[in-house]
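Understanding the architecture of this molecule
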Amino acid sequence: MILDSLKLDGKVAIITGAGRGLGRAMAVKLAEAGADIVAAARTQSQLEETADAVKKTGRKCLIVPTDVTVSAQVNALAATTVKQFGKIDILVNNAGGGDGARGVQLPEITDDQWRRGIDTNLSSQFYGCRAVIPQMVKQNRGKIINIASGFALRGGKHNFMYACAKGGTIQLTRSMALSYAQFNIQTNCIVPGVFPHNEQTMQFYKGGKFIPVGRVGEDSELGPLAVFLASDASNHVNGELIAIDGGGLAGGIAPTGVSPESSN
Amino acid sequence: MASSNASKDFSLEGKSVLVVGAEHSVGRAAAITLAEAGAKIVLASQEPGTDKQLKEVARLVNAAGTKAVIRVQDAAMRADISATADLAARELGGLHILVNALDTPAYGPAEADDDTAFDKIMENNLKTVWMSCQEGARVMLRQGGGAIVNITSVLAERGVANAALYCAAKAAVLNLTRALALEWARKGIRVNAIEAGWLDDESSPANKGDEFSKTLLKYLPDNRLVKPEELGGALLYLVSPAAGFVTGESIAVDGGLRARV
């Protein structure tokens, strides 16, 4: 029965970057679908808010303050999860974000800014995969979801670290998929479009005027896609990227909102 | 333990679906999946003379607890496709979801294909999908929106020898999907695709036990073919309200094959 295959009852899911935004939204939605949550992020107070939201669904939420750019902390996150719950069914590598150097001209980017951007957005996901895979192999079962970005597939002007790291996310996803397909571990990638978390971003994207559907995404809309990819309903989907972007990546060859005149 | 409410996001209770190509394995599996999620379904054939197959699918849809209407038609006939879209709206009170499971595999050496082969392969694999999208959208635009899923193949993005025209048609369906998604993005119709990997069904060239089948199995990341019902999860996600911000996208259900190629 298809709806039963989308349930996550009895599953344990680690979500990084779970203190806010898309990470929190996915944590809550995975919990609504039945999973217990291990919420990781740097800021304890934000994790506590996520835990409150998760617990309202009736599921457990374990908070593990983690800096995902430090591999020892990511290893500890996996170990703590196994100690507490005895298994890891789902890992959502969500933590990441702007590197603080977007818009900076290339000659001005420091080595440290480059490493920081790659570490935050790509190394963190590599550390996550590496930390959970022994347990998932032992279980002969697992679901890994990496969060990328439209910049994984398209370049951005003066957007170096973020675009390069997110592009790496896709290749990490594919290599994970092929390396662990035979262990019944599926690794897939969500490619979110524009999901603004502040007024500045909302204004930058003009409220979604240039997105084909004419609006931006809402955090809550990402949750069901994470549920699908974390569930048995996606057991034969592996190494795949799924864009949730209001049609953005389907086009782009011409500006949104205009089209060529009809031919005679 | 409290029961989860995953079914809330993915339920198709009260939705009306048209599955075109329901006599074949993929369409049959699609119809059953969507029926299990609560949808009422018009089962339309790709070809005439398929009453018996459609009746069997209708029985399975009914067994899942919903209504099925049978429509034997030729999906290459504009008048048939048009009337089917209207029938769905009339019989089921609307047309919310259209699934085009239209497929006629065609393998053979390129140098042997004449112009008739070109027309036939393009008609069966592309023109039918195009007309079905047009006629489905005609009804959906009138009622303010809907969701369309075109089921194509991983061959849409990669070539294979001995299938030039088939590959071309499958690629065309994928980009047709993207273009229609953009065209109807602000009119409430989402258009997405599923790319099926090598299938285990009656028309597959991959389960024949021949050299190709044997070599392919070893090559696949998880060493097995895709069962038609395994497309169901991606299909349900794409047509459900949960995917309201997803359009012009395709999901490969191929066990990781495309990650390699």
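One structure accompanies this document, and this report is about it. Along each chain, residues carry numbers from 1 onward, in the same order as the chain's sequence is written. Chain labels run from A onward and ligand labels from 1 onward, assigned in the order the entries are written. Two thresholds apply to this predicted model, a pLDDT of at least 70 for residue-level local features and 80 or more for giving and counting side-chain atom pairs, whereas whole-chain, interface and lining totals are computed over all residues. Excluding hydrogens and water, the side-chain values take into account all heavy atoms of the structure.

**So, the overall build of chain A**
Only DSSP runs of H or I reaching four residues or more are called helices, and only runs of E reaching two or more are called strands; each is numbered from the N terminus. Helices and strands together make up the secondary structure of chain A, namely eight helices and seven strands. Here the contacts in chain A between residues at least 6 apart in sequence split such that 73% fall between residues at least 24 apart. Surface exposure of chain A reaches about 11300 Å², of which carbon and sulfur atoms provide 51%. Under this rule, positive means Lys or Arg and negative means Asp or Glu; His and the chain ends count for nothing. The location of each charge is read from NZ of Lys, CZ of Arg, CG of Asp or CD of Glu. Taken together, the 26 basic and 22 acidic charged side chains of chain A have centroids lying 4 Å from each other. Any two residues whose heavy atoms approach within 4.5 Å are treated as being in contact. Per-residue and other accessible areas were derived by the Shrake-Rupley procedure at a 1.4 Å probe size, with only the shown protein chains allowed to occlude residues.

**Structural notes on empty space enclosed by the protein**
Residue and element names in this part refer to chain A. Detection works on a 1 Å grid of protein atoms alone, calling trapped sets that fit a 1.4 Å probe cavities and calling open sets with protein on both sides within 12 Å along at least five of seven lines pockets, with lining residues defined by an atom within 4 Å of a point. Grid points are joined across faces, edges and corners, and a volume is the space filled by probe spheres set on the points. Under the definition given, this model contains five cavities of 30 Å³ or more. As a volume, the largest cavity reaches approximately 90 Å³. In terms of lining residues, the largest cavity is bounded by Lys11, Asp89, Ile90, Arg141, Gly142, Lys143, Asn184, Gln186, Ala230, Asp232 and Asn235.

**Examining a negative patch on the surface**
A cluster of acidic residues, B:Glu111, B:Asp113, B:Asp114, B:Asp115 and B:Asp119, forms a negative patch at the surface. Turning to its location among the elements, B:Asp113 is positioned in the loop between strand E4 (97-100) and helix H5 (115-143). Each patch is assembled from residues with relative accessible area greater than 30% and no salt bridge, linking like charges that lie within 9 Å and nonpolar side chains (Val, Leu, Ile, Met, Phe, Trp, Tyr) that lie within 5 Å. One side-chain nitrogen of Lys or Arg within 4 Å of one carboxyl oxygen of Asp or Glu is enough to make a salt bridge.

**Some details on the packing of helix H2 (residues 25-36) of chain B against helix H3 (residues 51-63) of chain B**
Residues and elements named next belong to chain B. Whenever a helix is involved, its axis is fitted only over the stretch in contact; in every case the axis is a line through C-alpha atoms, and angles between N-to-C directions fall within 0 to 180 degrees. One can describe the packing of H2 onto H3 by two numbers: an axis separation of 8 Å at closest approach and a directional angle of 20°. Between H2 and H3, the interaxial angle falls into the category roughly parallel. Like other packed secondary-structure pairs, H2 and H3 cross with a definite hand, here right-handed. Each of Arg28, Ala31, Ile32 and Ala35 in H2 lies in contact with H3, whose residues at this interface are Val57, Leu60 and Val61. Any residue outside Ala, Val, Leu, Ile, Met, Phe, Trp, Tyr, Cys, Pro, Asp, Glu, Lys and Arg is labelled polar, Gly included; the first ten of those are nonpolar and the last four are charged. Broken down by class, the residue content of the contact of H2 with H3 amounts to six nonpolar, no polar and one charged. Any angle that is under 35 degrees is reported as roughly parallel, and any over 145 degrees as roughly antiparallel; angles of 65 to 115 degrees are reported as roughly perpendicular and all others as oblique. Rotating anticlockwise by less than a right angle from the far helix to the near helix defines a left-handed crossing, while the corresponding clockwise rotation defines a right-handed one.

**Describing the pairing of strand E7 (residues 241-244) of chain A**
All names here are of chain A. Each residue's exposure class comes from its accessible area (1.4 Å probe, protein chains only) as a fraction of the maximum for that residue type: buried when under 20%, exposed when over 50%, partly exposed otherwise. Residues Leu241 and Ala243 line one face of E7 and the alternating positions Ile242 and Ile244 line the opposite face, and both faces are buried. Strand pairing is defined by DSSP finding a minimum of two bridges between the two strands. Where strand E6 (residues 185-192) lies against E7, four bridges are found, and the strand directions are parallel. Looking across to E7, one finds that cysteine 189 is bridged to leucine 241.

**Focus: the sheet that holds strand E2 (residues 40-44) of chain B**
Residues and elements named next belong to chain B. Strand order in the open sheet formed by seven strands is E3-E2-E1-E4-E5-E6-E7, and the pairing between neighbours is parallel. Two strands lie at the open edges of the sheet, namely strand E3 (68-71) and strand E7 (250-253), each paired on one side alone. Strand-to-strand twist across the sheet, computed as the mean angle between neighbouring axes with direction ignored, equals 15°. Relative to strand E6 (residues 189-196), strand E5 (residues 146-153) is paired through eight bridges, and the arrangement is parallel. Across the sheet, asparagine 150 pairs through a bridge with alanine 193, a residue of E6. Here helix H8 (residues 232-239) sits on the sheet and contacts E4, E5, E6 and E7; the angle it forms with E6, its principal contact strand, is near 170°.

**Here's the deal with the interface of chain B and chain A**
Every contact between the two is made by 47 residues of chain B and, on the other side, 50 residues of chain A. Carbon and sulfur atoms supply 62% of the area buried between chain B and chain A, which totals about 3800 Å² over both sides. Applying the counting rule to chain B against chain A returns two salt bridges. One salt bridge in this structure joins B:Arg258 and A:Glu240, with 2.6 Å as the shortest N-O distance. Pairs of N or O atoms are called polar contacts if they sit within 3.5 Å, as long as, within protein, a hydrogen donor faces a hydrogen acceptor (for residues adjacent in sequence, only side-chain-to-side-chain pairs). The tally of links from chain B across to chain A stands at 16 residue pairs in polar contact (both at pLDDT 80 or more). Among the secondary structure elements, those contributing two or more residues to the side of chain B that touches chain A are helix H1 (6-10), H2, helix H6 (164-183), H8, E7 and helix H9 (257-260) of chain B. Class assignment for the residues of the side of chain B that touches chain A results in 20 nonpolar, 15 polar and 12 charged. When two components associate, each loses some accessible surface as probed by a 1.4 Å sphere; the sum of these losses over both components is called the buried area.

**A look at the environment of B:Phe10**
Following the sequence through the fold, B:Phe10 ends up in helix H1. Along the primary structure B:Phe10 and B:Leu165 are separated by 155 residues, whereas in three dimensions their C-alpha atoms are 36 Å apart. Apart from residues lying up to four places away in sequence, B:Phe10 is in contact with A:Leu3, A:Leu6, A:Pro224, A:Val227, B:Ala37, B:Leu236, B:Tyr237, B:Ser240 and B:Ala242.

**Side note on helix H4 (residues 78-92) of chain B**
All names here are of chain B. An expected span of 1.5 Å times one less than the residue number is assigned to each helix. Along its 15 residues, H4 runs 21 Å from first to last C-alpha, staying within 8% of the 21 Å computed at 1.5 Å per residue. Taken together, the buried positions of H4 are Ile81, Ser82, Thr84, Ala85, Leu87, Ala88, Ala89 and Leu92. Where H4 terminates, the next one or two residues include glycine 93, which has phi positive at roughly 75°.

**Description of the pattern of salt bridges**
Applying the stated criterion across every chain, the model contains 19 salt bridges over all chains. A salt bridge links A:Lys29 to B:Asp9, with the nearest nitrogen and oxygen atoms 2.9 Å apart. With A:Lys29 in helix H2 (residues 21-32) and B:Asp9 in helix H1, the pair connects residues from two separate chains. Side by side, A:Lys29 and B:Asp9 carry an identical accessibility label, which is buried. Salt-bridge contacts for A:Glu221 lead to A:Arg215; the nearest nitrogen and oxygen are separated by 2.8 Å.

**A short note on helix H8 (residues 219-230) of chain A**
All names here are of chain A. Helix length check: H8, at 12 residues, gives a terminal C-alpha distance of 17 Å against a target of 16 Å (1.5 Å per residue), a fit within 8%. With respect to burial, H8 is a largely interior element, 10 of its 12 residues being buried. Taken as a whole, H8 has its buried residues at Glu221, Leu222, Gly223, Pro224, Leu225, Ala226, Val227, Phe228, Leu229 and Ala230.

**Observations regarding the sheet that holds E6(A)**
All names here are of chain A. Taken together, the seven strands give an open sheet; going across it, the order is E3-E2-E1-E4-E5-E6-E7, and neighbouring strands pair in parallel fashion. Edge strands, defined here as strands with exactly one partner in the open sheet, are strand E3 (61-65) and E7. Adjacent strand axes in the sheet meet at a mean angle of 20° when their direction is disregarded. The sheet contact formed by strand E1 (residues 12-16) and strand E4 (residues 90-93) spans three bridges and is parallel. Bridge assignment links isoleucine 15 to a residue of E4, and that residue is valine 92.

**What to know about the packing of aromatic side chains**
The geometry of two aromatic rings is summed up by the distance between their centres and the angle between their planes. To pair, rings of Phe, Tyr and Trp, with the six-membered ring standing in for Trp, must have centres within 6.5 Å; the planes then decide the type, stacked if under 30 degrees apart, edge-to-face if over 60, and tilted in the middle. All chains considered together, the criterion is met by nine aromatic pairs over all chains. Their ring planes at 85° and their centres at 5.0 Å tell us that A:Phe204 and A:Tyr205 sit as a pair that is edge-to-face. By relative accessible area, A:Phe204 is classed as exposed at 59%. According to the relative accessible area criterion, A:Tyr205 is partly exposed, its value standing at 25%. Site record: aromatic cluster; members linked through ring pairs are A:Phe228, B:Phe10 and B:Tyr237. Two limits define a charge over a ring: the Lys NZ or Arg CZ must be within 6 Å of the ring centre, and within 35 degrees of the ring normal. The residue whose ring lies beneath B:Arg260 is B:Tyr219, and the NZ or CZ to ring-centre distance is 5.0 Å.

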